[in-house]
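Spelled out from the first residue to the last, the chains are:
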Amino acid sequence: MQCYLPFMSVTTIPLTILGLESSCDDTAAAILREDQDGIHILSSVVSGQTDLHAAFGGVVPEIAARAHAEKLDLMVEAALQQANVSLAQINAIAVTSGPGLIGGVLSGVMAAKGLALGLGIRLIGVNHLAGHALTPRLTDGIGFPYLVLLVSGGHCQFLRVDGPQDFTRLGGTIDDAPGEAFDKTARILGLPQPGGPSVESAARNGDPRRFALPRPLLDRPGCDLSFSGLKTAVLRARDALISEKGGLTEQDRADLCASFQAAVADVLAEKSRRALADQGDLTAFAVAGGVAANQTLRAALKEVAGDTPFLAPPLALCTDNAAMIAFAGLELFRLGVADDMTLAARPRWPLDQTAPALLGSGKKGAKA
Amino acid sequence: MTTHTPPIPAQDLPVLGRVTLKSAVATTELARRIGGVLRAGDTLLLSGDLGSGKTHFARGLIQTRLTTTEDVPSPTFTLVQTYDAGDVEIWHADLYRLTDAQEAWELGLDHAFETAICLIEWPVRLGDDIPVNALWLVFETDPDAEDTRHLTLRGKVDLPLARRVAPLMVS
C-alpha cells in the first residue's frame, strides 16, 4: 500500500536515494543526492547487453528473474562504489515497480524490499514511464506544466506533465512503437540490431524522397500514431525491388532507410505540432526514450517546437537507466509518498489511468 | 515413465480450413468471431512473416473479449501482455526475441497454456515445447493485393478447439 507521510517530506537534506531499474532488457542502479547546491547524479550504471544483440539478430531480452537479481546485486555494488557511498548513507530506495517484463520488475521490487527492510529506510515504487517523463526536470530543472514525447522501443505517447503524479496522455501509438518499427525495418533490410542506430547510419547516404512510404494517421485528427503499416510498407518496397532486379544494392537499402526515417519524422513532427497547439502555456517540449537519440527525429521535433523551449536529455538519460527512477523517487519523497512491503510488481501500469484506450486499427486500416 | 514426443511441425498437420481476407477489417471480423468461441486452456499459434497480420489479428481478438476497453500494444518488447477478460486471462506473447525455449518457462507460459487463452506469435521459438493441442493460424501476404491475407488453419482434426474454430473459417 502506498501512503503519504506529510511531516517527513522536505526535511531530510542532504538526501541520498538509491534507484533500481530492471523492467526492460537492462538492469540498472543509480545514486542521486540532493543537497543545498541541488541534485547530483553520483553514479548511474547500466548492465546493457548491446554487445550481445548483434549476434542474435534481435535484441536479447533478460527474462530470468534470477539473472536480473544477480545483476541487480552487482549493479548496486558498482553504483555504491562509483558514488563512494556506503549503504548506511542511503536514505531511501526507489524502484521501478512497473510496467515491463514481469520477471525483471519482480526481481527489482524484491531486491528493493530486502534493502529497505534491512536498512530500515523508505521504499518508493516508481512507474518506469514516470521516470522517463520526469527526466527533463532532472536535467534542466524545468517547472510544470510541460509536454513530453516518450518514444522508445516499447512506448510512444504524448504526455502533459502537471506534477510528479499528474500525467495526461494526449495521444499515443495504436499499434507498434517507433523503436520497434526501427528494429523491424532493420530486420527486413538485413541490417544489424538494434535497428535504431543501424537504420539511422544507413539513412545518412540515402535519398528520403525515393520511396513514397505512408504517413499513417495524418488524415485523422488528434495525436494518435501508428507505425505497424509503415513497417509493412518497407517490406513491400523491399520485395518489389527484389522481384524487379533480384536483390538490394547498398544504395537501395540506404534510400529505404532514409525514406522510412523521413516518414517517422514527418508523423512525429506533425503530431507534436498538434499536441503543442492544444496545450497553450508550457514550460518546455521534451523528448525522452531511446528513439530520441535519432538526430533526424530530433531536428524535426526541434523545428515544430517553435517558441517553446525544446529539450532532449543526454542519451544516457534518454535510454533506460536508474538515475531517472531515483529522481522520480526523490520527487515522490518530497511529496511524502511511501510504499510498504505490499508493493506489487505491475506488468501493466498506464501513467494516465483516465485516458481512453488506444483501440488500434481495425475499422479502416492504418494507412494514410 | 513419460516420454517426450516432439510436436508435429505445422506444415505436417492437416489443413482444417483456409480463408482469404481481403482487408484489415475482414481480418478483424474473423478475429472477433474466433475470439467468441475460445475458452480457458485454448492456444492459438500465430505464424507468418513480419507484416502478415499476426498482431492485428490478436488485437482484434483480444478487444472482442475485454470487458473494459484498454490498450492492446504490440508484445514485441515486453514479450507477453496479459489481459483480464472477465473469468479468463488472455496471454498475448511475441516470442521472436527468445533465444532458448527454456525462457518460455520463465515467462510462465506452461501454466498459461493450461489456464488462459493464449495467442502466441513466433511459436517456433518454443521448440519441442509447442503445445500439441494448439491450433496453428498461418498468415500469408498476397504479392498482388496489398491488403489481402491468406489464412490457413492447421491442427489435429479431433481437437474440440478445432471443431469450434474450423466452421468459422469463412470470409
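In the block above lies the structure referred to throughout.
As the structure is a computational prediction, the values presented were derived from the model and not from experiment. (Residues numbered from 1 in each chain as written. Chains lettered and ligands numbered in written order. Predicted model: local features only at pLDDT ≥ 70, side-chain atom pairs only at ≥ 80, totals over all residues. Heavy atoms only, no water.)

Draft legend 1. Examining unusual backbone geometry more closely. All names here are of chain A. A cis amide bond links phenylalanine 144 to the next residue, proline 145, at an omega of -10 degrees. Its location among the elements puts proline 145 in the loop between helix H4 (128-140) and strand E7 (146-151). The omega torsion across glutamine 193 and proline 194 is -5 degrees, close enough to zero to call that bond cis. Among the secondary structure elements, proline 194 is positioned in the loop between helix H5 (178-189) and helix H6 (195-203). Phi is positive for leucine 217, which is not a glycine, with a value near 70 degrees. Relative to the elements of secondary structure, leucine 217 occurs in the loop between H6 and helix H7 (228-245). (Helix = DSSP H or I, 4+ residues; strand = E, 2+ residues; numbered from the N terminus.)

Draft legend 2. Just a nonpolar patch on the surface, in detail. On the surface, A:Ile102, A:Leu106 and A:Met110 cluster together into a nonpolar patch covering about 260 Å² of accessible area. Overall, the relative accessible area of 53% leaves A:Met110 in the exposed class. (Patch = residues over 30% accessible without salt bridge, like charges linked within 9 Å, V, L, I, M, F, W, Y side chains within 5 Å. Areas by Shrake-Rupley, 256 points an atom, 1.4 Å probe, with all protein chains shown as cover. Salt bridge = Lys/Arg side-chain N within 4 Å of Asp/Glu carboxyl O. Buried < 20%, exposed > 50% of the residue type's maximum accessible area, 1.4 Å probe, protein only.)

Draft legend 3. Inspection of the sheet that holds strand E8 (residues 156-163) of chain A at higher detail. Residue and element names in this part refer to chain A. One open sheet accounts for five strands, arranged E9-E8-E7-E10-E11; its pairing is mixed. Single-partner strands in this sheet number two, and they are strand E9 (166-172) and strand E11 (310-311). With six bridges joining them, E8 and E9 adopt antiparallel strand pairing. The partner of leucine 159 across the bridge, within E9, is arginine 169. Helix H8 (residues 250-279) rests against E7, E8, E9 and strand E10 (285-288) of the sheet, and its axis sits at about 25 degrees to E8. (Pairing = 2+ DSSP bridges. Contact = heavy atoms within 4.5 Å. Axes fitted to C-alpha atoms, helices over the stretch in contact; angles between N-to-C directions.)

Draft legend 4. Spotlight on the sheet that holds strand E4 (residues 88-94) of chain B. Residue and element names in this part refer to chain B. Here we have seven strands laid out as an open sheet, ordered E1-E7-E6-E2-E5-E4-E3, and mixed in their pairing. The strands lining the two open edges of the sheet, one partner per strand, are strand E1 (15-21) and strand E3 (80-85). Each neighbouring strand pair of the sheet contributes to a mean axis angle of 15 degrees, computed without reference to strand direction. Direction of pairing for strand E6 (residues 135-142) relative to strand E7 (residues 145-154): antiparallel, over a ladder of seven bridges. Note on E7: the bridge partner recorded for leucine 137 is leucine 153.

Draft legend 5. Spatial organisation of the packing of aromatic side chains. All names here are of chain A. Scanning all chains against the criterion turns up five aromatic pairs over all chains. Arranged with centres 4.9 Å apart and planes meeting at 80 degrees, the rings of phenylalanine 182 and phenylalanine 260 form a pair that is edge-to-face. Of this pair, phenylalanine 182 sits in helix H5 while phenylalanine 260 sits in helix H8; the two residues are 78 residues apart in sequence, bridging distant segments of the chain. The same class applies to phenylalanine 182 and to phenylalanine 260, which are both buried. The residue whose ring lies beneath arginine 122 is phenylalanine 333, and the NZ or CZ to ring-centre distance is 3.9 Å. (Phe/Tyr/Trp six-rings, centres within 6.5 Å; stacked < 30°, edge-to-face > 60°. Lys NZ or Arg CZ within 6 Å of the ring centre and 35° of its normal.)

Draft legend 6. Molecular detail of the pairing of E7(A). Residue and element names in this part refer to chain A. E7 sits mainly inside the fold: six of its six residues count as buried. Neither face of E7 is exposed, since Tyr146, Val148 and Leu150 on one face and Leu147, Leu149 and Val151 on the opposite face are all buried. Pairing of E7 with E8 involves six bridges; the strand directions are antiparallel. Within the sheet, the bridge partner assigned to valine 148 lies in E8 and is leucine 159.

Draft legend 7. Structural context of helix H3 (residues 102-119) of chain A. In this model H3(A) runs 26 Å from its N-terminal to its C-terminal C-alpha over 18 residues, within 8% of the 26 Å that 1.5 Å per residue would give. The inward-facing, buried residues of H3(A) abut strand E2 (15-21), helix H2 (65-83), strand E5 (92-98) and strand E6 (122-127) of chain A. (Expected span 1.5 Å × (residues − 1).)

Draft legend 8. Region of interest: the environment of B:Ser74. Here B:Ser74 lies in the loop between helix H2 (54-65) and E3. Given a relative accessible area of 9%, B:Ser74 falls into the buried group. When near neighbours in sequence (up to four residues on either side) are disregarded, B:Ser74 contacts A:Asp175, A:Asp176, A:Glu180, B:Thr55, B:Arg59 and B:Gln81. Among the polar contacts listed, one links the side chain of B:Ser74 to the side chain of A:Glu180, at a separation of 2.7 Å. (Polar contact = N/O pair within 3.5 Å; in protein donor to acceptor, adjacent residues only side chain to side chain.)

Draft legend 9. The nonpolar core, seen in detail. Residues and elements named next belong to chain A. Ranked by size, the top nonpolar core spans 51 residues in total, and within it Leu213, Phe227, Phe260, Val264, Leu268 and Phe285 carry the most contacts. Among the secondary structure elements, those contributing two or more residues to this core are E7, E8, H5, H6, H7, H8, E10 and helix H9 (295-305). Looking at which element gives the most residues to this core, the answer is H8, with 12 residues. When near neighbours in sequence (up to four residues on either side) are disregarded, phenylalanine 260 contacts Ala181, Phe182, Thr185, Val199, Leu213, Leu230 and Val234. (Core = buried A, V, L, I, M, F, W, Y, C linked by side-chain atoms within 4.5 Å.)

Draft legend 10. Region of interest: the pattern of salt bridges. Under the defined criterion, the tally for this structure stands at 17 salt bridges over all chains. A:Asp239 serves as the salt-bridge partner of A:Arg238, at 2.8 Å between the closest nitrogen and oxygen. Where A:Arg348 meets B:Glu70, a salt bridge forms, and the shortest distance between an N and an O atom there is 2.5 Å. You can see A:Arg348 sitting in the segment after strand E12 (337-339) and its partner B:Glu70 sitting in the loop between H2 and E3, one on each of two chains. A residue is classified by how much of its surface remains accessible, and B:Glu70, at 22% relative accessible area, is partly exposed. Through salt bridges with shared partners, one network takes in A:Glu34, A:Arg137, A:Glu331 and A:Arg334.

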